Amino acid sequence: MRTLRSVGLWFMPVVPESRVAVLRTVLYLFVIIDIHLFVRDPIPLSRHPELYQPLMIERLFRLPPPSVPLSITLYLILMIGCLLAAANVLPRLAGGVVAAAFTWWTAIGMSYGKVDHDHLALVIALWVLPTVGVIADRWRSVERSAQAGWALRCIQISVIFTYFLSALTKIRSGGWSITSWPESSILMWAIVRRPHGLGQFLLPYPDLLHIMQWLSFTAELTAVVVLWLRGRALLAAAVFWMGFHVFTFGILYIHFAPTAICWLAFAPLERLGPWLRRVKASRGERAGRRSAGHTVPVIRDHAVDSGG
């Protein structure tokens, strides 16, 4: 019984609801950026139905093939829904609509070629955030709840499993050999295929590339440990993975922005509201002291001539 209670508390920790309020504001605004910078091609791709190869989710739910009117409608729904949800207006309804629309939007964008696993955590985050519902006072909320903790835990698990499942895919693609991927020349091939960035300086060092492959593969395979880290250890893990993504972008121009932004689910975001209020109050006090310490000259005001 105690074990079941411990498992339940791990999956549903009681956390500040303001942490979720900050996170969903950031994520809903990020979705707007995502549909303009990253998964930005469903509308132009829908003009080429002959290239459409539906993903399993589209086949499972018998979704209609994309068309220009459909993709434009999804775009408008996402824009309006994200703005409403980010403002904490109808968070369950608006959030649920955004989750469905963005899932369909990304499925369309990835039905014409490679499926990018960097959107896993973001899609799951959009589905679980509406379950928290309205958060009174939003960033200023002092309430704590298990439903907020459950939503954050789901996002944390999806972030970490983005890496862990990537390692399993590497093992599977190598004939279930744990050494096939890190001992290959895949990183060198990727640098040659993408002849830009800092990767060009690494091509003369194949041994170093092999070491880098082993390090990244080992980090992905053991990433699940992060779910049990706390304090400085968790901070060190977050810094490592942010550095990993920066380095990957530097040598290959491959970003993991949707995954990186979801790392905020590990952060104590509830501190942001009080910090902003302190900064605002401090600026107000400085402005008040400046206005009180200096006289303001009046136009056409002249000194009195004592001899006149």
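Anyway, here's the lowdown on the structure attached to this text.

This part is about the packing of helix α5 (residues 68–86) against helix α6 (residues 91–109). Interaxial distance between α5 and α6 falls to 9 Å at its minimum, and their mutual angle equals 140°. Helix-helix and strand crossings are classified by hand; for α5 and α6 the assignment is left-handed. Contacts from Leu70, Ser71, Leu74, Tyr75, Ile77, Leu78, Gly81, Cys82, Leu84 and Ala85 of α5 reach α6 at Ala94, Gly95, Val97, Val98, Ala101, Phe102, Trp104, Trp105 and Ile108. Looking at the contact of α5 with α6 residue by residue, the class counts come to 16 nonpolar, three polar and no charged.

This part is about the pattern of salt bridges. Applying the stated criterion across every chain yields a total of three salt bridges. Taking the shortest distance from any N to any O, the salt bridge between Arg19 and Glu270 comes out at 2.7 Å. In this pair, Arg19 is assigned in helix α2 (residues 17–37) and Glu270 in the loop between α12 (257–262) and α13 (272–293), connecting sequence segments 251 residues apart. Just as Arg19 is buried, Glu270 falls in that class too. A salt bridge links Asp116 to Lys114, with the nearest nitrogen and oxygen atoms 2.2 Å apart. A relative accessible area of 31% means that Asp116 is categorised as partly exposed. Looking at Lys114, the relative accessible area reads 63%, which means it is exposed.

So, how was this worked out
One numbering rule holds for all chains: residues counted from 1, following each sequence as written. Side-chain atom pairs in this predicted model are given and counted only at pLDDT of 80 or more, local residue features only at pLDDT of at least 70, and totals for whole chains, interfaces and linings cover all residues. In computing side-chain properties, one takes all heavy atoms of the structure into account and sets aside hydrogens as well as water. Structural elements are reduced to axes, namely lines fitted to C-alpha atoms, with helices fitted over the stretch in contact, and the angle between N-to-C directions of any two is expressed from 0 to 180 degrees. In this text, helices come from DSSP runs of H or I with a minimum length of four residues, and strands from runs of E with a minimum of two, each type numbered from the N-terminal end. Handedness of a crossing is defined here by the sense of rotation of the near helix relative to the far one, left-handed for an anticlockwise turn of less than a right angle and right-handed for a clockwise turn. Here, residues are in contact when the closest pair of their heavy atoms is within 4.5 Å. Following the grouping adopted for this structure description, the nonpolar residues are Ala, Val, Leu, Ile, Met, Phe, Trp, Tyr, Cys and Pro, the charged ones are Asp, Glu, Lys and Arg, and the polar ones are all others, Gly among them. Whenever a carboxyl oxygen of Asp or Glu lies within 4 Å of a side-chain nitrogen of Lys or Arg, that contact is scored as a salt bridge. For every residue, the accessible area (1.4 Å probe, protein chains only) is compared with the maximum for its type, and the residue is labelled buried under 20%, exposed over 50%, or partly exposed between those bounds.

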